[in-house]
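Secondary and tertiary structure notes
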Amino acid sequence: DAKTTQPPSMDCAEGRAANLPCNHSTISGNEYVYWYRQIHSQGPQYIIHGLKNNETNEMASLIITEDRKSSTLILPHATLRDTAVYYCIVRSSNTGTASKLTFGTGTRLQVTL
Amino acid sequence: DTAVSQTPKYLVTQMGNDKSIKCEQNLGHDTMYWYKQDSKKFLKIMFSYNNKELIINETVPNRFSPKSPDKAHLNLHINSLELGDSAVYFCASSQDGRAVKFYGYTFGSGTRLTVV
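Residues numbered from 1 in each chain as written. Chains lettered and ligands numbered in written order. Predicted model: local features only at pLDDT ≥ 70, side-chain atom pairs only at ≥ 80, totals over all residues. Heavy atoms only, no water.

**Details of the side chain of Arg63 of chain B**
Tracing the sequence through the fold places Arg63 of chain B in the loop between strand S6 (53–57) and strand S7 (64–70). When sequence neighbours within four positions are dropped, the list of residues in contact with Arg63 of chain B reads His77, Ile78, Asn79, Ser80, Leu81, Glu82 and Asp85 of chain B. (Helix = DSSP H or I, 4+ residues; strand = E, 2+ residues; numbered from the N terminus. Contact = heavy atoms within 4.5 Å.)

**Points about the sheet that holds strand S1 (residues 4–7) of chain B**
Residues and elements named next belong to chain B. Taken together, four strands build an open sheet; the order of strands is S1-S3-S8-S7 and the sheet is antiparallel. On the outer flanks of this sheet lie S1 and S7, each paired with one strand and no other. Here the average twist between neighbouring strands, direction ignored, is 20 degrees. Note: S1 against strand S3 (residues 19–25), four bridges, orientation antiparallel. Paired with Thr7 across the two strands is Lys22, which belongs to S3. (Pairing = 2+ DSSP bridges. Axes fitted to C-alpha atoms, helices over the stretch in contact; angles between N-to-C directions.)

**Here we look at the packing of aromatic side chains**
Counting across every chain of the model gives 13 aromatic pairs over all chains. With 5.8 Å between their ring centres and 75 degrees between their planes, Tyr36 of chain A and Tyr46 of chain A make a pair best called edge-to-face. Of the two residues, Tyr36 of chain A is situated in strand S3 (residues 31–38) and Tyr46 of chain A in strand S4 (residues 45–50); the sequence distance between them amounts to 10 residues. Tyr36 of chain A gets classed as buried once you look at its relative accessible area, which sits at 0%. One aromatic cluster is present, formed by Tyr36, Tyr46, Tyr87 and Phe103 of chain A together with Tyr33, Tyr35, Phe90, Tyr105 and Phe107 of chain B through successive ring pairs. (Phe/Tyr/Trp six-rings, centres within 6.5 Å; stacked < 30°, edge-to-face > 60°. Buried < 20%, exposed > 50% of the residue type's maximum accessible area, 1.4 Å probe, protein only.)

As structure tokens, this is what we get:
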């Protein structure tokens, strides 16, 4: 699976949009981009994933560049409860048997008042 | 109705002891995993089972032995515990394979193991 690069930390004011970038320049055609987050001491939580089209769900939006070498997770109105470590992961779509998710160091997002 | 549940939540034990952590998922998923998160917060996969069959076995000491009695359960047994085994262990499950689209893992809340 391709490697990802994320900034180690970011701050965001409550109520503002949080834009978390991720570089995955070696991504291949069948690899999806996944985003997870881990709120302190809890298990990682799935947020969203996409292949090449932009995606939106009740939690966030995912913007993937046309060349697919980078993506941005957008939390439209960040709250204090969004303070967490956010992981960008690239994973092959090949299924049939278990395929592991490889977590990097992620971005620590601090939402402030 | 917790989706992925682990027990115990906390475990403090002495070096050399043998301990087990249990994991159960009620999502009907075919695949289950064990991840270890060390003090530096790196999350690393240890094992994965698909329908009771071992699929992924990373470089883990053979003191760690996973057991899957059925596809809803994946337990982790650790023999001769060492100080370096202290970490948070997360169980997860997913629905992989066949015509089912992969939507991601569902993680348990973790078991904090402290070896003293």
